[in-house]
Amino acid sequence: MSKLKVLTQDDLARISDDFGEILENEVSKSLPAKEIEDLDLDIVLNYDNEQLDVDVDVGVLFDELSEITQEQIAQAIDEAYLKFDSYIDENFRV
């Protein structure tokens with residue numbers, strides 16, 4: 001795997017926005033939209049010594065009749081991270 005390029009503040013803002021979109025897409029693909037009342041994404045980027053760490057906290061408010069499990073949410077997040085890794089490789093590696 002090639003090295004991560006030096007990231008600017010604009011790059012970090014773009015990465016955060018794009019990862020948010022990736023997460024929203026994966027959650028909406030994996031979970032029935034009619035069972036989700038609210039979705040809150042908290043993305044924290046830590047870029048230090050040319051190393052990028054990304055943490056996400058996904059808050060989901062379900063319909064009272066929802067049968068969505070934590071495992072389904074975790075799977076959607078895992079899929080989003082896989083797509084995010086590809087996104088980083090395609091756009092921010094030298």
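Rules used throughout
- Residues numbered from 1 in each chain as written.
- Predicted model: local features only at pLDDT ≥ 70, side-chain atom pairs only at ≥ 80, totals over all residues.
- Heavy atoms only, no water.
- Patch = residues over 30% accessible without salt bridge, like charges linked within 9 Å, V, L, I, M, F, W, Y side chains within 5 Å.
- Areas by Shrake-Rupley, 256 points an atom, 1.4 Å probe, with all protein chains shown as cover.
- Salt bridge = Lys/Arg side-chain N within 4 Å of Asp/Glu carboxyl O.
- Lys, Arg positive; Asp, Glu negative; His and termini not counted.
- Charge placed at Lys NZ, Arg CZ, Asp CG, Glu CD.
- Helix = DSSP H or I, 4+ residues; strand = E, 2+ residues; numbered from the N terminus.
- Buried < 20%, exposed > 50% of the residue type's maximum accessible area, 1.4 Å probe, protein only.
- Core = buried A, V, L, I, M, F, W, Y, C linked by side-chain atoms within 4.5 Å.
- Contact = heavy atoms within 4.5 Å.
- Pairing = 2+ DSSP bridges.

Draft legend 1. Fine view of a negative patch on the surface. On the surface, Glu 37, Asp 38, Asp 40, Asp 42, Asp 57 and Glu 64 cluster together into a patch of negative charge. The element best represented in the negative patch is strand β1 (residues 36–48), accounting for four residues.

Draft legend 2. Structural detail: the pattern of salt bridges. Taken as a whole and judged by the stated rule, the model has six salt bridges. As a salt-bridge pair, Glu 26 and Lys 29 come within 3.1 Å of each other at their nearest N and O atoms. Separated by three residues within a single helix, Glu 26 and Lys 29 lie in helix α1 (residues 9–30), roughly one turn from each other. Judged by relative accessible area, Lys 29 falls into the exposed class, the value being 58%. One salt bridge connects Lys 83 with Glu 26, and the closest N-O pair in it is separated by 2.8 Å. You can see Lys 83 sitting in helix α2 (residues 70–92) and its partner Glu 26 sitting in helix α1, a full 57 residues away along the chain.

Draft legend 3. Structural detail: the nonpolar core. Grouped together as the largest cluster of nonpolar side chains are 24 residues, with contacts concentrated most on Ile 15, Phe 19, Leu 52, Phe 84 and Ile 88. Broken down by element, this core gets its largest block of residues, eight residues, from α2. Apart from residues no more than four positions distant in its own chain, Phe 84 is found in contact with Ile 15, Phe 19, Ile 22 and Val 54.

Draft legend 4. Layout of the pairing of strand β2 (residues 51–62). Judged from the 12 bridges that link them, β1 and β2 form a sheet pairing that is antiparallel. Counted as the bridge partner of Asp 48 is Gln 51 from β2. A loop of two residues connects β1 with β2, the two strands running antiparallel in sequence, and Asn 49 in this loop sits at a positive phi of about 50 degrees.

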